[in-house]
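# Structure at a glance
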Amino acid sequence: MQTKKLFLAAAPAAACIAALGAGAPAAHAADSWTYMANLQPVSLNTPSGAASGHFMISIDGDQATVTETVSGLADKLPTDKKTLNALGIPVAFAGMPFPHVQHIHIDGGGTCPAGSADTNGDGVISTVEGQPAYGKIGTTLSTKGATDASTATDVTKAPGGGSFTYKRTFTLNQATLSAIKNNTAVVVVHGLNPTNAPKASLTTPNSLGVTLPGASKKLALIGTAPALCGTLEKSQMSTMPSGGVQTGGGGTSGLQDQGMFYGAGGLLLAAGAVLTVRRRFAKQH
Ligand SMILES: [Cu+2]
């Protein structure tokens, strides 16, 4: 099915090139491309081979359909109180599917961070340390609601668990669309697996100073650091006419600084999601 789709997409693209060559109007319905990313473990953060994923985005005009599968990620949040406390996770979160906020990052180096991105040398690449490589958030790959920065940290709208399939069609913002076409778009899935993450990610508080509601200490790095990463690349030989690429830098002003990103909002929002759990907990005591 995928092959069929790609095959069909290739023909109009070729026709478009021919049309441009003939001096025909550039306006063309062939703005349909498919890009893919092989999601691989982020250096230091996820052991080689421990997790992986495949990400495909089919773009037709400003409509994007993402199909993604991942496996090997952190599955559930711990249940042991001591462990939770050590990680800065409130007991109300115990045993919940581990949230994996994910984004298309844009306008950075268009790459996934290498081990050298660990500038403070603690053995973990934090979200911020990875930014020179993958850039800022362009699109939030949320399960519902907005796909802009407003849901960047909303774990109630993030897929969760060790393996999941994500599929959604949404309107792609111009900044992300441009970055994809400019080869500066990178898919990043966040949240490290406590069972194989670097030790420092378990014992080091996040560098953003985040403390979750109900927690006795700051959230550990595992909650925020990038786990899987992959650069988006055109999936087929169909070459897009370069004249069609919009390279303007507009449209990104509304995107927040990821510096705060996980940190601030991420699990704060999760707190709301577990209110029910919390209540249930309260009744038991
Ligand atoms: Cu991200």
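Quick note: structure is the one above.
Analysis parameters
- Residues numbered from 1 in each chain as written.
- Predicted model: local features only at pLDDT ≥ 70, side-chain atom pairs only at ≥ 80, totals over all residues.
- Heavy atoms only, no water.
- Helix = DSSP H or I, 4+ residues; strand = E, 2+ residues; numbered from the N terminus.
- Buried < 20%, exposed > 50% of the residue type's maximum accessible area, 1.4 Å probe, protein only.
- Contact = heavy atoms within 4.5 Å.
- Core = buried A, V, L, I, M, F, W, Y, C linked by side-chain atoms within 4.5 Å.
- Disulfide = S-S within 2.5 Å.
- Donors = N, O, S within 2.8 Å, 3.2 Å for Na, K, Ca; no water.
- Salt bridge = Lys/Arg side-chain N within 4 Å of Asp/Glu carboxyl O.
- Pairing = 2+ DSSP bridges.

All right, on to the overall build of the protein then. Regarding its fold elements, the protein presents seven helices and nine strands. Burial status across the protein gives 48% buried among its 285 residues. The long-range fraction of contacts in the protein, counting pairs at least 24 apart against all pairs at least 6 apart in sequence, stands at 73%.

In this structure, Phe55, Ile57, Ile104 and Leu232 are the most contacted members of the largest nonpolar core, which totals 46 residues. Excluding residues that lie within four positions of it along the chain, Phe55 makes contacts with Tyr35, Met36, Ala37, Leu39, Val66, Thr67, Glu68, Ile104, Leu141, Val187 and Leu232. Core analysis: the next-biggest nonpolar cluster, separate from the first, contains seven residues, Val42, Tyr134, Val186 and Val188 among them.

With that settled, the discussion passes to the state of the cysteines. With the rule as written, the count across this model stands at one disulfide. There is a disulfide in this structure between Cys112 and Cys229, and the S-S distance comes to 2.0 Å. Measuring the twist about the S-S bond at about -90°, one finds the Cys112-Cys229 disulfide to be left-handed. With Cys112 in the loop between β4 (102-106) and α3 (127-134) and Cys229 in strand β8 (residues 226-231), this residue pair connects regions lying 117 residues apart in the sequence.

It is worth spelling out the coordination of the copper ion at this point. Around the copper ion, the protein contributes the donor atoms His103 (ND1), His105 (NE2) and His190 (NE2), which lie 2.0 to 2.1 Å from the metal centre. In primary sequence terms, the donor set of the copper ion follows H-x1-H-x84-H. A residue pair is termed long-range when its members are at least 10 positions apart, and His103 in strand β4 and His190 in strand β7 (residues 185-190) qualify at 87 residues. One exposure class covers both His103 and His190, and it is buried.

Okay, α3 next. In terms of burial, α3 is largely enclosed, as six of its eight residues are buried. Looking only at α3, the buried set comprises Thr127, Glu129, Gly130, Gln131, Ala133 and Tyr134. Taken from the residues just after α3, Gly135 is the one with a positive phi, measuring 85°.

Throughout the structure, instances matching the rule amount to one salt bridge. When the shortest N-O distance is used, the salt bridge between Asp107 and Lys136 registers 4.0 Å. Separated by 29 residues along the polypeptide, Asp107 in the loop between β4 and α3 and Lys136 in strand β5 (residues 136-140) bring together distant segments of the chain. Relative accessible area serves as the criterion here: at 46%, Asp107 is assigned to the partly exposed category.

The side chains of a regular strand alternate between both faces of the sheet. For β8, the buried fraction is high: five of the six residues fall into the buried class. In this sheet, β8 lies alongside β7 in antiparallel orientation, the contact comprising five bridges. Looking at the pairing, Val187 lines up with Gly230 of β8.

A separate point is the pairing of β5. Across the five residues of β5, four count as buried, placing the element largely inside the fold. Of the pairings in the sheet, the one linking β4 to β5 comprises four bridges and is antiparallel in character. Residue Ile104 lies in a different strand from β5, and its bridge partner there is Thr139.

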